[in-house]
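Examination of the molecular architecture
One-letter residues, chain by chain:
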Amino acid sequence: MSPANSQQQTPLLDALRDRTNHPHAPFYAPGHKRGQGISQPLIDLFGAAVFRSDLPELPELDNLFNPEGAIAEAQDLAAAAFGSQSTRFLANGSTCGIIAAILATCGPGDKIILPRNIHSSAISGLILSGAIPIFVNPEYNPDWDIANSITPETTASALEQHPDAKAVMIVYPTYHGVCGDLRAIAQITHQYNIPLLVDEAHGAHFNFHPNLPETALSAGADLTVQSIHKTLGAMTQASMLHVKGDRIDIQKLNRALQLVQSTSPSYILLASLDAARQQIALHGKELMAQTLQLAEKARSRISLIPGLSVLEPLNTPGFAALDRTRLTVKVSDLGITGFAADEILHSQLGVTAELPMPQHLTFIISLGNTESDIDNLVKAFTLLEARKKEEGSSATDSVTDVTDVKDRRKKEEGKGKREDFSHPPLLHSPTPPLPQSPTLPLSPSPPLLSPREAFFFPAETVPADKAVDRLCAELICPYPPGIPVLMPGEIITPAAVDYLQQILATGGKITGCSDPGLQTLKVVRQ
């Protein structure tokens, strides 16, 4: 059978279907016994059929940690579709893949070069492995308050200073769809005969249309991790790890994955990877063409709305290409924060963004979106701008504060009412200041304490203003996007504390801090 024809197969999905429909008396986990013991509210929500497929590692379903049957076949098909030599299915999300990549390449005391805007999962990998981070600051665009990629030049400089590094890790694309010059970075990395690891969580769709950025593997990556659920048709938490070349020790990678994956993986999630691979392998170009068309409609229409700007490719360092299915809209020129705009769009206008930030909102446009979705998005921004324009004619040029929106929503929900989509009111309150991202320092030397040492070191809680210049003992990030502002072992700067407090003040969410109000911070005990 030809490779194209073989992509029609779904070996794991077929095996799960066969076992689901096979009548037998189950005396194995899970305890609900193929849905017979599931609570009625769950059945009412999901239906009964899905629970019959919630099965364990039956012989016919293969074993994720020693695949020889259906899982092995499904992973081989995925490797062919995504252009890798070897693919591993991940049921614990891309987080476990990023951690495993670090564990497979770095041990205690080993150096790894990576951007400062890395995802928090990489910091978890540093803590578990004991590796020493050599951070490279990504290029920063102050007009958009967006971090781009690191550049080939900064990568080369870091490797010149730390030629004993064991690996380089890069984010490609960023949450905003920005792609760096990965091909040049790969060439530089390989001059030191070390692997290039890529967090490609938001780029699983790149291989399926020529108008999308090139894939990490085609640009020279040795290992890449993709969240199939983020931009393709798999279920949430279902991801893949791809390997190409001979710089990755496969046996060590397999052992690392056993540490971070559940020994009871969901076969429903695994089967969704098999089905998503078949869908995109057979119909990817058509689906991506439709997605790109929808994205262009949104871009062109929203860019015509006064006061709004749409992120387009910029000829700046660290910005070699843009994923045009990722839509970032700046709202700060309306005098409103991205957090406040997000609350209005979500609670009053029936439109929900992927990522609110101080100055802008980012939306994922994927194969699941429709013309109606784009129409609703454009209409929501049109109404937002119109109401802001009306307010601008009043004596007080003001917009909705996120706290007031939340309070109003609670009151209206208590009355059983919902705002009229056609004319949403924007409550009057002083416009909060738009915070700027802090410039986080890059030390040319390894940190005083590795993230692992700081994580396990005795800690104490101090007032936030007294924590400045102390070593952080927590992993604190606005979420989304999950990029740490402070991490264990890092010196706490006034800019970082101010930024986190501004995020909270303007409606953002902070994770990882033991004090949700950020009045206190945990620091390494002196």
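Anything mentioned here points back to the structure above.
Before going into details, it helps to say that this report is about the structure given with it.

Parameters at a glance
Residues numbered from 1 in each chain as written. Predicted model: local features only at pLDDT ≥ 70, side-chain atom pairs only at ≥ 80, totals over all residues. Heavy atoms only, no water. Helix = DSSP H or I, 4+ residues; strand = E, 2+ residues; numbered from the N terminus. Buried < 20%, exposed > 50% of the residue type's maximum accessible area, 1.4 Å probe, protein only. Pairing = 2+ DSSP bridges. Lys, Arg positive; Asp, Glu negative; His and termini not counted. Salt bridge = Lys/Arg side-chain N within 4 Å of Asp/Glu carboxyl O. Contact = heavy atoms within 4.5 Å. Patch = residues over 30% accessible without salt bridge, like charges linked within 9 Å, V, L, I, M, F, W, Y side chains within 5 Å. Areas by Shrake-Rupley, 256 points an atom, 1.4 Å probe, with all protein chains shown as cover. Axes fitted to C-alpha atoms, helices over the stretch in contact; angles between N-to-C directions. Phe/Tyr/Trp six-rings, centres within 6.5 Å; stacked < 30°, edge-to-face > 60°. Lys NZ or Arg CZ within 6 Å of the ring centre and 35° of its normal.

A count of helical and extended segments in the chain gives 17 helices and 19 strands. Out of the 526 residues in the chain, the part that is buried amounts to 55%.

Now for the pairing of strand β1 (residues 86-90). Along β1, 5 of the 5 residues are buried, which leaves the element largely enclosed by surrounding structure. A two-sided burial pattern is seen for β1, the buried positions comprising Ser86, Arg88 and Leu90 on one face and Thr87 and Phe89 on the other. The sheet contact formed by β1 and strand β10 (residues 239-243) spans 5 bridges and is antiparallel. Directly across from leucine 90, in β10, lies its bridge partner serine 239.

That bond from alanine 29 to proline 30 is cis: its omega, 5°, falls within 30 degrees of zero. Within the element layout of this structure, proline 30 appears in the loop between α2 (11-20) and α3 (40-46). The omega torsion across tyrosine 172 and proline 173 is -5°, close enough to zero to call that bond cis. Within the secondary structure layout, proline 173 lies in the loop between β6 (167-171) and β7 (178-179). The backbone phi angle of lysine 33 is positive, close to 55°, even though this residue is not glycine. Mapped onto the elements, lysine 33 comes out in the loop between α2 and α3. Despite not being glycine, aspartate 145 has its phi angle at roughly 55°, a positive value.

Within the element layout of this structure, glutamate 385 appears in helix α14 (residues 371-392). Of the buried charged residues, glutamate 385 lacks a salt bridge, with lysine 389 as the closest side chain of opposite charge at 5.4 Å. Glutamate 385 has contacts with Ile305, Pro306 and Leu334, leaving out every residue within four places of it along the chain.

The next subject is a nonpolar patch on the surface. On the surface, Leu42, Leu45, Phe46 and Val50 cluster together into a nonpolar patch covering about 370 Å² of accessible area. Judged by its relative accessible area of 62%, leucine 45 falls in the exposed class.

Turning our eyes to something else, we now look at helix α6 (residues 93-105). Most of α6 sits out of view: 12 of its 13 residues are buried. Every buried residue of α6 is listed here: Gly93, Ser94, Cys96, Gly97, Ile98, Ile99, Ala100, Ala101, Ile102, Leu103, Ala104 and Thr105.

Let's shift gears to the sheet that holds β1. Spatially, 7 strands are ordered β1-β10-β9-β8-β6-β2-β3 in an open sheet, and the strand pairing comes out mixed. The sheet is open, and its two edges are formed by β1 and β3 (132-136), each paired on a single side. Strand-to-strand twist of the sheet, defined as the mean angle between neighbouring strand axes without regard to direction, takes the value 20°. Most of the contacts of helix α11 (residues 250-260) go to β1, to which it runs at about 5°, and overall it touches β1, β9 (223-226) and β10.

Pairing between the strands of a sheet comes from backbone hydrogen bonds, and it takes one of two forms, parallel or antiparallel. Strand order in the open sheet made by the 4 strands is β11-β13-β15-β14, with antiparallel pairing throughout. Of all the strands in the sheet, the pair left with one neighbour each is β11 (309-310) and β14 (355-356). Bridge count for β14 against strand β15 (residues 360-364) is 2 bridges, and the pairing is antiparallel. Across the sheet, the residue bridging to leucine 355 is threonine 362, located in β15. Along the sheet, helix α12 (residues 267-302) contacts β11 and β13 (326-330); its crossing angle with β13, the most-contacted strand, is approximately 10°. Helix-sheet contacts for helix α13 (residues 338-348) involve β14 and β15, and the interaxial angle to β15 is about 50°.

A word on the packing of aromatic side chains. Summed over all chains, the structure comprises 5 aromatic pairs. Here phenylalanine 363 and phenylalanine 381 contribute two aromatic rings whose centre-to-centre distance is 5.8 Å and whose plane-to-plane angle is 80°, an arrangement assigned as edge-to-face. Here the residue phenylalanine 363 occupies a position in strand β15, and phenylalanine 381 occupies one in helix α14, the gap between them amounting to 18 residues. Note on accessibility: phenylalanine 363 and phenylalanine 381 belong to one class, buried. Cation over ring: arginine 116 sits above phenylalanine 135, and NZ or CZ is 5.7 Å from the ring centre.

Locating alanine 158 in the fold gives a position in helix α8 (residues 152-161). Given a relative accessible area of 7%, alanine 158 falls into the buried group. A C-alpha to C-alpha distance of 9.5 Å links alanine 158 and leucine 114, two positions 44 residues apart in sequence. Residues in contact with alanine 158, not counting those within four places in the same chain, are Ile113 and Val136.

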